[in-house]
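# Structural characterization, general
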Amino acid sequence: MTRYAVTLAALAALCASPALAADGKALFAAKGCVACHGEAGAKPIAGSPNIAGQNAVYLLRQMTEIADGTRSSAPVKVMKPVIDKTTPDERKVLAEWLATQRPAEAQPGDKAKAEQGAELFDENGCIGCHGADGLKPLADYPFLAGQRKDYLMVQIKAIRDEIRSTRRTRMMTANVRKFSEAQVEQVAEFLSQTKRK
Ligand code: HEC
Ligand code: HEC
């Protein structure tokens, strides 16, 4: 009986870190996530987001909401069949492993647009939730710095136009509502050129 309990405790300890981390990497490859999000989630193809080093709770919520259809804007439909083949436990392992991976490098871009974007980011209250320069989000909110420009533009417009409309994205609809197409691009230039620390 005692020996059994000891074995269980040892097993639990084993599962707590290195073994799980290895599982995350293996799952990411086995489930086909690499094809779109790139090696360790930091080399995505056009239109797909960087997910390396993103907040774990945020990542898990997105996977859950993509799987159950709560987040269902058109571009996300390509990964629905893939996420549907993961279990809730596997998603948790994937989210926790991805959060520990090195974020993608900042991307080169238009400096003048980025400067205008930085001002818009300050003036429209983005800092209150995503932190200065999109680098210090509130607990379980997403990092924005270093995200792909094309992906950011699609998301800001989808949130503005209430196409990506979940309980949490609606918290920021008012902040982006008045953004023109040019302003969306400026904010996306700014964030994609900002290096994650
Ligand atoms: C066929 C390409 C494709 C595959 C395969 C794929 N994804 Fe995605 N994923 C996308 C696209 C495209 C988006 C963004 C869609 C949008 O614009 O809303 C996305 C979004 C996400 C997001 C939300 C990121 C954010 O910042 O909100 C997470 C998390 C994610 N994918 C994880 C995964 C995981 C884990 C797997 C493997 C089980 C996977 N994806 C497989 C294309 C893919
Ligand atoms: C009241 C808090 C709040 C404010 C203010 C806010 N956001 Fe957000 N934002 C969020 C939350 C929460 C999410 C994640 C929603 C979810 O979990 O689905 C988010 C998501 C995003 C995303 C999608 C990230 C991804 O990886 O898909 C972008 C882009 C974004 N915000 C940009 C902005 C910009 C630009 C501003 C300022 C104009 C702004 N936000 C203001 C709370 C806020």
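In case you missed it, the structure is sitting above this.
Since the model is a prediction, treat every value here as computed from it, not as a measurement.

### What to know about the site of ligand 2
In the vicinity of ligand 2, 26 residues are found, and the nearest of them are Cys126, Cys129, His130, Tyr151 and Met172. Tyr58 is positioned with one of its side-chain polar atoms (N or O) 3.0 Å from an oxygen atom of ligand 2. Side-chain polar atom of Arg61 to an oxygen atom of ligand 2: 2.8 Å apart, as the coordinates give it. Of all the secondary structure elements, the ones that give two or more residues to the shell around ligand 2 are α4 (56-67), α8 (127-130), α9 (149-160) and α10 (173-176). Among the elements that line the shell around ligand 2, the one with the most residues is α9, at five residues. Viewed by domain, the shell around ligand 2 spans two of them, domain 1 (14-99) and domain 2 (111-193), each represented by three or more residues.

### Re the coordination of the iron atom of ligand 2
Protein-derived coordination of the iron atom of ligand 2 comes from His130 (NE2) and Met172 (SD), at a distance range of 2.0 to 2.2 Å. For the iron atom of ligand 2, the six donor atoms are set out with angles of 83 to 180 degrees between them, so the coordination reads as octahedral. A residue pair is termed long-range when its members are at least 10 positions apart, and His130 in helix α8 and Met172 in the loop between α9 and α10 qualify at 42 residues. Residue class for His130 comes out buried when judged on its relative accessible area of 10%.

### Some thoughts on the packing of aromatic side chains
Counted by the stated rule, this structure contains two aromatic pairs. Summarising the aromatic geometry, the rings of Phe28 and Trp97 are spaced 5.4 Å apart at their centres and angled 50 degrees between planes, so their arrangement reads as tilted. Linking Phe28 in helix α2 (residues 18-30) with Trp97 in helix α6 (residues 88-99), this pair joins segments that are 69 residues apart in sequence. Trp97 carries the same exposure label as Phe28, and that label is buried. For the ring pair Phe121 and Phe190, a centre distance of 5.7 Å and an interplane angle of 55 degrees mean the geometry is tilted. Placement of Phe121 in helix α7 (residues 111-123) and of Phe190 in helix α11 (residues 181-193) is noted, with a sequence separation of 69 residues between them. Phe190 shares its class with Phe121; the two are buried. Here the guanidinium or amino end of Arg196 rests over the ring plane of Phe143, the centre of that ring lying 3.6 Å away.

### Looking at the site of ligand 1
Taken together, 23 residues sit near ligand 1, with Cys33, Cys36, His37, Tyr58 and Met79 positioned nearest. Separating a nitrogen atom of ligand 1 from a side-chain N or O atom of His37 is a distance of 2.8 Å. Contact distances for ligand 1 include 2.8 Å between an oxygen atom and a side-chain N or O atom of Arg71. For the shell around ligand 1, the leading source of residues is α4, giving four residues.

What counts and what doesn't
- In every chain, residue numbers begin from 1 and rise along the written sequence.
- Chain labels run from A onward and ligand labels from 1 onward, assigned in the order the entries are written.
- Per-residue local features of the predicted model are confined to residues with pLDDT of at least 70, and side-chain atom pairs are confined, for both listing and counting, to 80 or more; whole-chain, interface and lining totals are unaffected and use all residues.
- Heavy atoms from the whole structure form the basis of all side-chain values; hydrogens and water molecules are not counted.
- By convention in these notes, a residue is near a molecule or strand provided one of its non-hydrogen atoms lies within 4 Å of it.
- Polar contact is the term for a pair of N or O atoms within 3.5 Å; when the atoms are in protein, one must be able to donate a hydrogen and the other to accept it, and sequence-neighboring residues count only if both atoms are side-chain atoms.
- Secondary structure is summarised from DSSP: a helix means a run of H or I of at least four residues, a strand means a run of E of at least two, and numbering begins at the N terminus for each.
- Domain borders in the structure are assigned automatically or taken from a domain database.
- The donor set covers N, O and S atoms within 2.8 Å of the metal, switching to 3.2 Å for Na, K and Ca, and it leaves out water, so a site may look short of donors.
- Any site counts as irregular unless it has four donors with all angles between 85 and 135 degrees, making it tetrahedral, or four or six donors with opposite ones more than 155 degrees apart and the rest between 65 and 115, making it square planar or octahedral.
- Only protein chains enter the accessibility calculation, which uses a 1.4 Å probe. A residue is then buried if its area is under 20% of the maximum for its type, exposed if over 50%, and partly exposed in between.
- Under the pairing criterion, centres of Phe, Tyr and Trp rings, with the six-membered ring standing for Trp, must be within 6.5 Å; the plane angle then separates stacked pairs below 30 degrees from edge-to-face pairs above 60, leaving the rest tilted.
- Criterion for a charge above a ring: Arg CZ or Lys NZ at most 6 Å from the ring centre, at most 35 degrees from the ring normal.

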